[in-house]
Amino acid sequence: LRGKIKRVKQVIIRDLPDSIDLLGLCVNAGLDFMLALKWVVEKSPPSVMINELNTLLQEINVGKTRRDALKDLSRKYSDVPDLATFSRTLIQADKMGTSVSEALNLLSEDMRLSRFQRGEQMAMKAPMKLLVPLLLFIFPVVGILVACPIFLEFIESNPLSGLTGETK
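Residues numbered from 1 in each chain as written. Predicted model: local features only at pLDDT ≥ 70, side-chain atom pairs only at ≥ 80, totals over all residues. Heavy atoms only, no water.

Student: Explain the packing of helix H5 (residues 81-96) against helix H6 (residues 100-157) to me, please; I cannot follow it from the model alone.
Tutor: Helix-helix packing: each pair is described by the crossing angle between the helix axes and the interaxial distance. Two numbers describe how H5 lies on H6: the axes approach to 10 Å, and their chain directions differ by 165°. It follows that H5 is roughly antiparallel to H6 by the angle criterion. As for how H5 packs across H6, the hand of that crossing is right-handed. Across the interface between the two elements, Asp82, Thr85, Phe86, Thr89, Leu90 and Ala93 of H5 pack against Val100, Ala103, Leu104, Leu107, Met111, Ser114 and Arg118 of H6. When grouped by side-chain class, the residues that make up the contact of H5 with H6 number 8 nonpolar, 3 polar and 2 charged. (Axes fitted to C-alpha atoms, helices over the stretch in contact; angles between N-to-C directions. Helix = DSSP H or I, 4+ residues; strand = E, 2+ residues; numbered from the N terminus. Parallel < 35°, antiparallel > 145°, perpendicular 65-115°, else oblique. Left-handed = near helix turned anticlockwise from the far one by under 90°. Contact = heavy atoms within 4.5 Å. Nonpolar A, V, L, I, M, F, W, Y, C, P; charged D, E, K, R; others polar.)

Set out below in structure tokens:
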């Protein structure tokens with residue numbers, strides 16, 4: 001169960017910048033936020049993020065305020081900071097009366113940058129994770145392949161026999 005929850009959160013983190021880009025494009029094209037949200041939900045292939053946006057849209061359509069629906073979305077995935085940032089940014093843009101398209105564009109750019117930084121961090125951890133299998137499995141095999149012919153040649157020619165006085 002924990003693994004499935006972790007995978008869902010990873011999918012949300014991975015898909016959120018793309019969903020925000022689509023929302024931003026729709027809003028820049030002239031749709032308001034609700035129509036843009038509806039368009040993204042209808043036209044995008046099904047995924048965890050699209051399902052959550054669909055839930056957000058349905059809650060707003062039923063009568064919940066946009067602010068409350070966004071807060072509920074961020075509470076549902078409290079361990080996903082990108083989703084909380086998405087919700088806070090839209091709530092703040094709604095509260096302050098600023099352009100939603102600018103907020104979405106900045107947010108998408110910021111999330112792509114954070115995703116890139118997470119990738120860099122994972123890439124920097126990779127050599128340390130490869131060190132143990134390298135030391136346990138690969139180096140011993142290479143050592144055997146290099147040392148075995150030398151050892152066999154040593155036993156066959158026996159250079160130490162001249163020191164003890166034995167002859168062949």
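Student: What is the right way to look at the nonpolar core in this model?
Tutor: The tendency in soluble globular proteins is for nonpolar side chains to be buried as a group. Counting 31 residues, the largest nonpolar core has Leu23, Leu53, Leu83, Phe86 and Leu104 as its most contacted members. Residues contacting Leu23, with those up to four places away along its chain left out, are Phe33, Ala36, Leu37, Val40, Phe86 and Leu104. (Core = buried A, V, L, I, M, F, W, Y, C linked by side-chain atoms within 4.5 Å. Buried < 20%, exposed > 50% of the residue type's maximum accessible area, 1.4 Å probe, protein only.)

Student: Would you mind showing me how to read helix H4 (residues 66-76) here?
Tutor: Three- or four-residue spacings in an α-helix give side chains the same orientation, since the helix completes a turn every 3.6 residues. Within the span of H4, buried status applies to Ala69, Leu70, Leu73 and Ser74. Taken end-on, H4 shows its buried residues confined to a sector of 135°, consistent with a single buried face. Among the structural elements, helix H3 (48-62) and H5 are those in contact with the buried residues of H4. (Arc of directions from axis to C-beta.)

Student: Please explain the environment of Glu102 as it appears in this structure.
Tutor: By the secondary structure assignment, Glu102 is in helix H6. Spatially, the C-alpha atoms of Glu102 and Gly24 are 7.9 Å apart, while their sequence positions differ by 78 residues.

Student: Help me understand helix H2 (residues 33-43), please; the structure alone is not making it clear to me.
Tutor: Of the positions making up H2, those classed as buried are Phe33, Met34, Ala36, Leu37, Val40 and Val41. Projected down its long axis, H2 carries its buried residues within an arc of 165°, all on one side. For H2, exposure combined with an orientation more than 90 degrees from the buried face picks out Glu42 and Lys43. At its buried positions, H2 is contacted by helix H1 (2-28), H3, H4, H5 and H6.

Student: I'm lost on the pattern of salt bridges in this one. Help?
Tutor: Opposite charge on two side chains permits pairing when their charged atoms draw close. The tally for this structure, following the rule as stated, stands at 9 salt bridges. With its nearest N and O atoms 2.6 Å apart, the salt bridge here joins Lys9 to Asp79. Of the two residues, Lys9 is situated in helix H1 and Asp79 in the loop between H4 and H5; the sequence distance between them amounts to 70 residues. For the salt bridge of Asp72 with Arg75, the shortest nitrogen-to-oxygen distance reads 2.8 Å. One end of the pair is Asp72 and the other is Arg75, both in helix H4 and 3 residues apart, which spans about a single turn. According to the relative accessible area criterion, Asp72 is partly exposed, its value standing at 23%. (Salt bridge = Lys/Arg side-chain N within 4 Å of Asp/Glu carboxyl O.)

Student: What's the story with the side chain of Glu52 in this structure? I'm lost.
Tutor: With respect to the helices and strands, the residue Glu52 is situated in helix H3. With relative accessibility at 8%, the residue Glu52 sits in the buried group. Ignoring anything within four residues of it in the chain, the contact list for Glu52 reads Leu73, Lys76 and Tyr77.

Student: Just to check I follow, could you spell out the packing of H1 against H2 for this structure?
Tutor: Running from N to C, H1 and H2 cross one another at 130°; their axes reach a closest spacing of 9 Å. With respect to each other, H1 and H2 are oriented oblique. When you trace H1 past H2, the crossing you get is right-handed. Counting all contacts with H1, which are made through Leu22, Leu23, Cys26 and Val27, the residues of H2 involved are Phe33, Ala36, Leu37, Trp39 and Val40. Residue classes in the contact of H1 with H2 are distributed as 9 nonpolar, no polar and no charged.

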